[in-house]
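Examination of the molecular architecture
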Amino acid sequence: WTPEGLFRRLLRETSTRRENVEDLLVEQFTKIIGQHSANALAVSADQLSLPLEELLTIIGRNLLEAMMTPSLIEVCCTAIPEAERYPAATRVYAEHGPKRAIAVISRILERAVRDGHIELADCEAAARRFLAMLRGDIHLQAVLQIGRLPTPTELHLRARTAVKLFLNGARAERTANHVTA
């Protein structure tokens, strides 16, 4: 018995039907990532009125908690090595995961720039940097199953720390631009 032998035997059976693996992956990735992403990035009207630091901390914590769920870790572990064979599935992973998070964070940063809280030349690039600061190596460790998964308290602390570092940099840029102007 081998997987290849079983595969060949199943193909000979008249009741066996071929499935398009990429279509199945796209469907599953869309469902899993879409659900977690929607929950992590949902911002209520009340939350939108919070100070920028609090709002980014909430979103950061929600994103980290979503990234650490077993189902999203499994999706990541499937999407990356299968990118060449199933590019549509990998695109779904990127569009519903990181790209969606970057778009939401970018809109929040654009509003903060308009309101004069921070000064950024490129909110999308800043959103990418913020997401990278948030994720750091913690997500890679989860994907590679190195050590234990962080607790919700540890994720909240990580989000809060990333937000403070990010905003200190954005505010320092604002101060430097006003001093040299």
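All of the points below concern the structure found in this document. (Residues numbered from 1 in each chain as written. Predicted model: local features only at pLDDT ≥ 70, side-chain atom pairs only at ≥ 80, totals over all residues. Heavy atoms only, no water.)

Some points on the overall build of the chain
Looking only at helices and strands, the chain features 10 helices and 0 strands. For the chain, the sequential pattern of α-helices and β-strands runs α-α-α-α-α-α-α-α-α-α. Compactness check: the chain gives a C-alpha radius of gyration of 21 Å against a globular reference of 16 Å for 181 residues, more than 25% above the reference. Viewed in the frame of its principal axes, the chain has a C-alpha envelope of about 75 × 30 × 30 Å. Counting only residues that meet the buried cut, the chain has 34% of its 181 residues in that class. Within the chain, contacts between residues at least 6 apart in sequence are counted, and of these 74% link residues at least 24 apart. Carbon and sulfur atoms form 55% of the exposed surface of the chain, whose accessible area is close to 11100 Å². Averaging the coordinates of the 23 positive side-chain charges in the chain and doing the same for the 22 negative ones gives two points 2 Å apart. (Helix = DSSP H or I, 4+ residues; strand = E, 2+ residues; numbered from the N terminus. Rg over C-alpha atoms; globule rule 2.2 N^0.38 Å. Buried < 20%, exposed > 50% of the residue type's maximum accessible area, 1.4 Å probe, protein only. Contact = heavy atoms within 4.5 Å. Areas by Shrake-Rupley, 256 points an atom, 1.4 Å probe, with all protein chains shown as cover. Lys, Arg positive; Asp, Glu negative; His and termini not counted. Charge placed at Lys NZ, Arg CZ, Asp CG, Glu CD.)

Examining the nonpolar core
Membership of the largest hydrophobic core comes to 48 residues, with the highest contact counts inside it found for Phe 29, Leu 56, Leu 63 and Leu 109. Looking at this core, the elements that each hand over two or more residues are helix 2 (21–41), helix 4 (52–67), helix 5 (70–79), helix 6 (87–96), helix 7 (98–114), helix 8 (123–135), helix 9 (138–143) and helix 10 (152–180). No other element matches helix 4, which puts 8 residues into this core. Beyond its immediate chain neighbours, meaning those up to four positions away, Phe 29 contacts Gly 34, Val 75, Thr 78, Ala 79, Ala 89, Val 92 and Tyr 93. (Core = buried A, V, L, I, M, F, W, Y, C linked by side-chain atoms within 4.5 Å.)

Observations concerning helix 5
Among the residues of helix 5, those classed as buried are Leu 72, Ile 73, Val 75, Cys 76 and Ala 79. The buried side chains of helix 5 occupy one side of the element, clustering within an arc of 160° when seen end-on. Of the exposed residues in helix 5, the ones pointing more than 90 degrees away from its buried face are Pro 70 and Glu 74. The elements touched by buried residues of helix 5 are helix 2, helix 4, helix 6 and helix 9. (Arc of directions from axis to C-beta.)

Quick notes on unusual backbone geometry
Even without a glycine there, the phi angle at Gln 145 is positive, about 55°. Mapped onto the elements of the fold, Gln 145 is located in the loop between helix 9 and helix 10.

Quick notes on the pattern of salt bridges
Per the counting criterion, the structure on display carries 5 salt bridges. With its nearest N and O atoms 3.1 Å apart, the salt bridge here joins Glu 124 to Arg 128. Here Arg 128 and Glu 124 lie together in helix 8, a separation of 4 residues that amounts to about one turn. When its relative accessible area of 39% is taken as the criterion, Glu 124 is described as partly exposed. (Salt bridge = Lys/Arg side-chain N within 4 Å of Asp/Glu carboxyl O.)

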